[in-house]
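# Understanding the architecture of this molecule
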Amino acid sequence: MRELLLELWRYRELLWTLVIRELRVRYKNSFLGFFWSLLNPLVTVLVMTVVFKYVMGMRIDNYSAYILAAYLPWTFFQFALLDSSQTILVYMPVIKKIYFPRAVLPLATTFANLIHFLLAMGVLFVYLYLYVGTPLQWGLLLLPVVVLAQMLWVVGLSLIIACWNAFYEDVKYLVSVGLQLLFFLTPIIYFSEQLRATTLIPEAYREPIFWAYHLLNPMATLAMAYRKLILPPITLIYENPAMGEAMRFTDMPLPYWLLGVNLVLGLAVACIGLAYFHKKEWEFVERP
Amino acid sequence: MGTLSQKGAEIAIRAQNLTKEFLLSHQPYSSLKGLLLAFLPKRMEHIVALKEVSFTIHQGETVGVIGRNGSGKSTLLGIIARVYRPTSGSITVNGRVAPLLELGAGFHPDLTGLENIYFNGVILGLTRRQVAERLPEIIAFAELEDYIDAPIRTYSSGMLMRLGFAIAAHVDADILLVDEVLAVGDARFQQKCYRKIHEFQEQGRTILFVSHDMEAVRQVAQRALWLDKGVLRADGEVNTVIEAYLQEAAATP
């Protein structure tokens, strides 16, 4: 593993060149290009806010901020995995000509997506703290840890997916379907506390389901962490006319041990991804 | 064999019983279906691209590699560039290898010539700073001063070839792999490339030159390897090997 990382370090100039290249292509060499790329998540969140506030009856001040704080990390996760799944096939003509550690290809895509994500978060922060006037949270100091944990997951998973997709080209379709499912299994358009309080689940199962949900889906813990570190605690009032009664949830503090477990698992997945990719990278050119 | 190897010079490339086999599938593309049907007998063919090939190339030599299509020439260059791992046998390469990269394929067509110089230079082992230092030279050699900021999708195949050669020629590689790309350029640029190749020879660099153009091989190489269906048929003085190769080509219908 140490040699692997050293070799990647030796090729850092190539990695950086690929990252710049990817960002250039994405932003089409223009400053406005970055803002165009924010249009899609903003419109999506706007629609979600309208639906959940006025159709479903969620009563939360500044609801769109709570969605955005979880949705932007989600788009990072989603696009990093989808984009990097293609990289080996796209660069095959170069791969067939010369040696370089192939891992720089999916890694460059994940880093480009990371930079894009950080810029988008910067815009969110400007909006929240300068425009809306959200009080600054102490939790923000922990945010780099959450970003690191997410990056480790993204790196590990995208290396594995890029590798499989190089051998079986339909893997990317399975991944995109899987991501769609995972989106609804991640607290983005709802709050994970709802799982704990809902009367739809028998009381004895609520707690186990709640914790299993966060332990099995890395993005669930991360989305919860982003939300709780960036935004002030909330009291949710959920008025669903169909259900007849209003439901109330009190915000729970972020369980730090959950974040710790997530970080350790992320590190393990990143190491497994690197080692697995390294084991397979010679076979890309010999794919029958 | 290996008659012309300069005694005393350091070894640049040494191949010992180099063998490379490929699996060839008759399915158009690989899919999960293929994985699920893995238990069924597969229509796979074993292709032996190189068979027990041994040779030694010393630093400063220019070696032509000749042979019919599918004789293993590109596979051999691929193994030297560390793209393929040999199935058996061994390969030793001392020094940095620069294959001539074909621009266009695999490169983002929307990026400019300049951005592609950076990408190619870095992939061939330069730092970004070194690429920046050599930019004027590379652009001047490729004669693309007016087009370097244009996206390479607007380039002609000749322009792409010129840029590709210009980059590979300026990365200070110890071993240059030239694979049949010079054919695209016009006569004047070809002459320029040959002058550059002679410059490399004077600097004591090693060149492997793959071509179907026997005159070109004669012009640059002192020694030639003849590959025939993966077997090294001859290794020696360039004219002798080319004669043997052409005689057999004339004899086979």
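What you see is a predicted model, and the numbers here were worked out from it, not measured in a lab.

## Topic: the domain arrangement of chain B
If you check the domain split of chain B, you get domain 1 (12-23 + 46-95 + 177-185 + 207-252) and domain 2 (102-173). Here the C-alpha centroids of domain 1 of chain B and domain 2 of chain B sit 27 Å apart.

## So, the confidence of the model for chain B
Per-residue confidence for chain B gives a mean pLDDT of 84, with 83% of residues at or over 70. Here residues 1-6 of chain B is modelled with pLDDT under 50, and outside its nearest four sequence neighbours on either side it reaches 18 contacts, counting other chains as well.

## Quick look at helix 12 (residues 256-280) of chain A
For helix 12 of chain A, spanning 25 residues, the distance from its first C-alpha to its last is 36 Å, which sits close to the expected 36 Å at 1.5 Å a residue. All of the buried residues in helix 12 of chain A are A:Leu258, A:Leu259, A:Asn262, A:Gly266, A:Val269, A:Ala270, A:Gly273, A:Leu274, A:Phe277 and A:Lys280.

## Quick notes on unusual backbone geometry
All names here are of chain B. Positioned with a positive phi, Arg 82 is a non-glycine residue whose angle comes to about 60°. Inspection of the secondary structure assignment puts Arg 82 in the loop between helix 2 (73-80) and strand 4 (88-93). Judged by relative accessible area, Arg 82 falls into the partly exposed class, the value being 42%. In this structure, Lys 229 is a non-glycine residue whose phi angle is positive, near 50°. Judged by relative accessible area, Lys 229 falls into the exposed class, the value being 64%.

## Thoughts on the pattern of salt bridges
All names here are of chain A. Under the criterion given, the structure shown has 16 salt bridges over all chains. The closest approach of N and O atoms between Arg 26 and Asp 83, which form a salt bridge, is 3.4 Å. Of this pair, Arg 26 sits in helix 2 (residues 12-27) while Asp 83 sits in helix 4 (residues 63-90), placing them 57 residues apart in sequence. You can call Arg 26 partly exposed: its relative accessible area is 30%. Taking relative accessible area as the criterion, Asp 83 reaches 28% and is therefore assigned partly exposed.

What counts as what
Residues numbered from 1 in each chain as written. Chains lettered and ligands numbered in written order. Predicted model: local features only at pLDDT ≥ 70, side-chain atom pairs only at ≥ 80, totals over all residues. Heavy atoms only, no water. Domains from an automatic or database assignment. pLDDT = per-residue confidence, 0-100. Contact = heavy atoms within 4.5 Å. Helix = DSSP H or I, 4+ residues; strand = E, 2+ residues; numbered from the N terminus. Expected span 1.5 Å × (residues − 1). Buried < 20%, exposed > 50% of the residue type's maximum accessible area, 1.4 Å probe, protein only. Salt bridge = Lys/Arg side-chain N within 4 Å of Asp/Glu carboxyl O.

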